[in-house]
Amino acid sequence: MDGTVTEDSFLGVDASATGRRWLLRPGDDRLALALSQRYGLPDLIARMLASRGIGIDETPDFLAPTLRRALPDPSHLKDMDAAAVRLADAVQAGESIAIFGDYDVDGATSASLIWHYLTAAGHTARIYVPDRIKEGYGPNAEAMLRLHQEGADLVVTVDCGITAHEPLAAARDDGLAVIVVDHHVAEPALPPAVAVVNPNRLDDDSPHKQLAAVGVAFLLVVALNRELRRRGHFAEREEPDLLAWLDLVALGTVCDVVPLTGLNRALVSQGLKRMSARANSGLAALSDIARAEGPPNTYHAGFLLGPRVNAGGRVGEADMGARLLTTDDPGIARDLAERLDRFNAERREIEAEVLAAAVRQAEAAADREDAVVLVSGEGWHPGVIGIVASRLVERFGRPAAVVARVGGIGKGSARSVSGVDFGAAIIAARQSGLLINGGGHKMAAGFTVAEEAIGTLSAFLNERLRDAVDDAMRTPTRKIDGVLSVDGATLDFMEQLERLAPFGVGNPEPLLVLKGARVSFVDLVGEAHLRCALAGDAGGKLKAIAFRAATEPLGALLRTGTGQRLHIAGKLRMDRWRGRHDIQFIIEDAAPARFD
């Protein structure tokens, strides 16, 4: 690969099996050469760094991120010092503290992190997680008042609360102190609280606006620890080890799909190392149940552990994830992990049913050429609609919202595509009176809507987002990081590639093309996956799999292309199973090879 960057289709692929035009990810070739020479990196690895905008001086920290350099002073966030002082007062006065969390992974890890810290600091707190179906997302007045009646002096909301104006006003009027710890998009008016800690407050100029809620919570415990140390709280007790809970920070950050750049990258990188120590009984039990082989990585966190932690809030008991992450009893952890695994299996079955109905509805309306796919169904389980929305985005290539209707009220979940801010659109819809409640961020949002307003909401979203969606969909493309031969997919190269991890939004897992590879074997795995064997010119072989491709054009090309040369795009991963270390290629796209 010569590294030349043009707007020509990469390898001449204008329309791949998935209908994409391939483009080489742009990068500074002179920078790539300098990186290769300075740090002794393979040319392809150096080009990937350059294409991600990593400069010569930034490369050491990128390849070996540390909190020592990345962690900011928590006090730079608005209201952080006020929150730390109020919490320190509560700890030293023995006040009753309740942590009000969301039912997703970010909420469960945020609540568990603060609970662990307070416990280590010698204070007992309780965690409250609302029921997704009965109470919905975020603080509600009934729950807040009940917590006060049950003795809570202070409530800390995590991963929620930034738009809960009325419930927090009711809490304030009842004499209950509240601290809001959130990261969702805020409005000009903040909810009434002792402190509102959120890097996405409109009046906060923090450079760390991409933190997940658990990242904000981690900065809060850093600030609280500093305040308690200043007051001499640890004169006669051991000071908590804040790094002990970075595994929770990593899990919540990865699962909330925030950019893994800057501070997030350092938190996740160090947190995954902490996760490998298996110090958290709940995570250790869940890893065993999920059969997570090898050192923990973002795949384990995002696709094996996260969905199971989420399963309690989706189809089981809302607080099961937080209970799992806070228990120190291996037996209880094993029991909770097994139950969450069963709930996750049940979730997949429910998800498949809702997805099939949602796809039928979306395809029936396809001739309308809507910018946003919005579907709704009576009795759809609200615990799976977010996942179904993500599947619709994958299928139709545009933002999608899925609404579960019950008793005239719809609970909705939306997912977006790059360049389309769905969270802002939902907030605008709520401010326009179209929604009962709603909020979110650019790539995801949640809302509650009266059934009779769903049609009006659809029209509002289509009008508001059409231009952004049109821009995002004008030319469906797939950004390629470089070319690798089947014979070049070695363990040595894989070790170099893994230095670029953790991968996620903002640091995408490299998409490589096996140029002119031959498919020597194809076999159906399960109902929808294709297992393949790929062959190179020098006799090398590579295991590969194409997920959910059996009935898609990609699957048809792989089957009919057996023995022929194809350009195959995908991701290279280490397959660690029962002590073996093999390389596997995850196929995402392909095109007939032309060598003009």
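The preceding data block contains the structure.
This write-up is about the structure you can find in this document. Small disclaimer: the values here were computed from a predicted structure and weren't measured.

Moving on: the pairing of strand β15 (residues 529–535). Along any regular strand, the residues point their side chains to alternate faces of the sheet. In the sheet, strand β14 (residues 512–525) pairs with β15 via seven bridges, with the strands oriented antiparallel. The residue bridging D523 from the neighbouring strand is R531, located in β15. Across six bridges, the pairing between β15 and strand β16 (residues 541–546) is antiparallel. The residue bridging A535 from the neighbouring strand is K541, located in β16. The turn linking β15 back onto β16 is made up of five residues, and G539 within it adopts a positive phi angle of 95°.

One finds I97, I114, Y117, L118, F218, L392 and F447 to be the most contacted residues of the largest nonpolar core, which totals 116 residues. Residues in contact with Y117, not counting those within four places in the same chain, are V221, L224, N225, L228, F234, P240, L242 and W245. With 45 residues, the next largest nonpolar core counts A50, M494, L500 and A590 among its residues.

This next bit is on the side chain of S112. Position of S112 among the secondary structure elements: in helix α6 (residues 105–120). For S112, a relative accessible area of 0% gives the class buried. Excluding its chain neighbours within four sequence positions, the residues that come into contact with S112 are I127, L248, A322, L325 and T326.

Let us look at the packing of helix α10 (residues 246–255) against helix α11 (residues 262–276). To characterise two packed helices, one gives the angle between the axes of the helices and the distance between these axes. Direction vectors running N to C along α10 and α11 enclose 125°, while the axes themselves pass 7 Å from each other. Comparing their axes, α11 and α10 come out oblique. Considering only the axes of α10 and α11, their crossing is left-handed. Of α11, the residues touching α10 (which contributes L246, D247, V249, A250, L251, T253 and V254) are N264, L267, V268, Q270, G271, L272, R274 and M275. Within the contact of α10 with α11, the residues separate by chemical class into nine nonpolar, four polar and two charged.

Strands sit in the order β7-β8-β9-β11-β10 across an open sheet of five strands; the sheet is mixed. With one partner strand each, in any of the chains shown, β7 (373–378) and β10 (437–441) form the two edges of the open sheet. In this sheet, neighbouring strand axes are inclined to one another by 15° on average, regardless of whether the strands run parallel or antiparallel. The pairing of β7 with strand β8 (residues 400–406) spans six bridges and is parallel. Residue L374 lies in a different strand from β8, and its bridge partner there is A401.

Spatially, five strands are ordered β3-β2-β4-β5-β6 in an open sheet, and the strand pairing comes out parallel. For this open sheet the edge positions go to β3 (125–128) and β6 (195–197), each flanked by a neighbour on one side alone. Shown here is a sheet whose adjacent strand axes are inclined to one another by a mean of 20°, direction ignored. Note that strand β5 (residues 177–181) and β6 share three bridges and pair parallel. In the strand pairing of β6, V181 is matched with V197.

The subject of this paragraph is the pairing of β14. Bridging between strand β13 (residues 482–484) and β14 involves three bridges; their strand directions are parallel. Each bridged residue has a counterpart across the sheet, and for L484 the counterpart in β14 is L514.

Taken as a whole and judged by the stated rule, the model has 37 salt bridges. A salt bridge links R86 to E95; its shortest N-O distance comes to 3.0 Å. Connected through salt bridges with shared partners, the residues R347, E351, R391, E394 and R548 form a single ionic network.

Take helix α15 (residues 330–364) next. The end-to-end C-alpha distance of α15, which contains 35 residues, comes to 50 Å, matching closely the 51 Å that a straight helix rising 1.5 Å per residue would cover. In this structure D329 caps α15, since a side-chain oxygen of it lies 2.8 Å from the backbone nitrogen of G331.

Let's shift gears to helix α1 (residues 29–39). Among the residues making up α1, those that are buried are L31, A32, L35 and S36. Down the axis of α1, the buried side of the element spans an arc of 135°, and every buried residue falls inside it. Exposed and facing more than 90 degrees away from the buried side of α1 are R30, Q37 and R38. In this structure, the buried residues of α1 make contact with α2 (43–51) and α3 (59–63). Where α1 begins, the side chain of D28 points an oxygen toward the backbone nitrogen of R30, at a separation of 2.9 Å.

Conventions we followed
- Residues numbered from 1 in each chain as written.
- Predicted model: local features only at pLDDT ≥ 70, side-chain atom pairs only at ≥ 80, totals over all residues.
- Heavy atoms only, no water.
- Pairing = 2+ DSSP bridges.
- Helix = DSSP H or I, 4+ residues; strand = E, 2+ residues; numbered from the N terminus.
- Core = buried A, V, L, I, M, F, W, Y, C linked by side-chain atoms within 4.5 Å.
- Buried < 20%, exposed > 50% of the residue type's maximum accessible area, 1.4 Å probe, protein only.
- Contact = heavy atoms within 4.5 Å.
- Axes fitted to C-alpha atoms, helices over the stretch in contact; angles between N-to-C directions.
- Parallel < 35°, antiparallel > 145°, perpendicular 65-115°, else oblique.
- Left-handed = near helix turned anticlockwise from the far one by under 90°.
- Nonpolar A, V, L, I, M, F, W, Y, C, P; charged D, E, K, R; others polar.
- Salt bridge = Lys/Arg side-chain N within 4 Å of Asp/Glu carboxyl O.
- Expected span 1.5 Å × (residues − 1).
- Polar contact = N/O pair within 3.5 Å; in protein donor to acceptor, adjacent residues only side chain to side chain.
- Arc of directions from axis to C-beta.

By themselves, these observations are geometric and do not establish any function.
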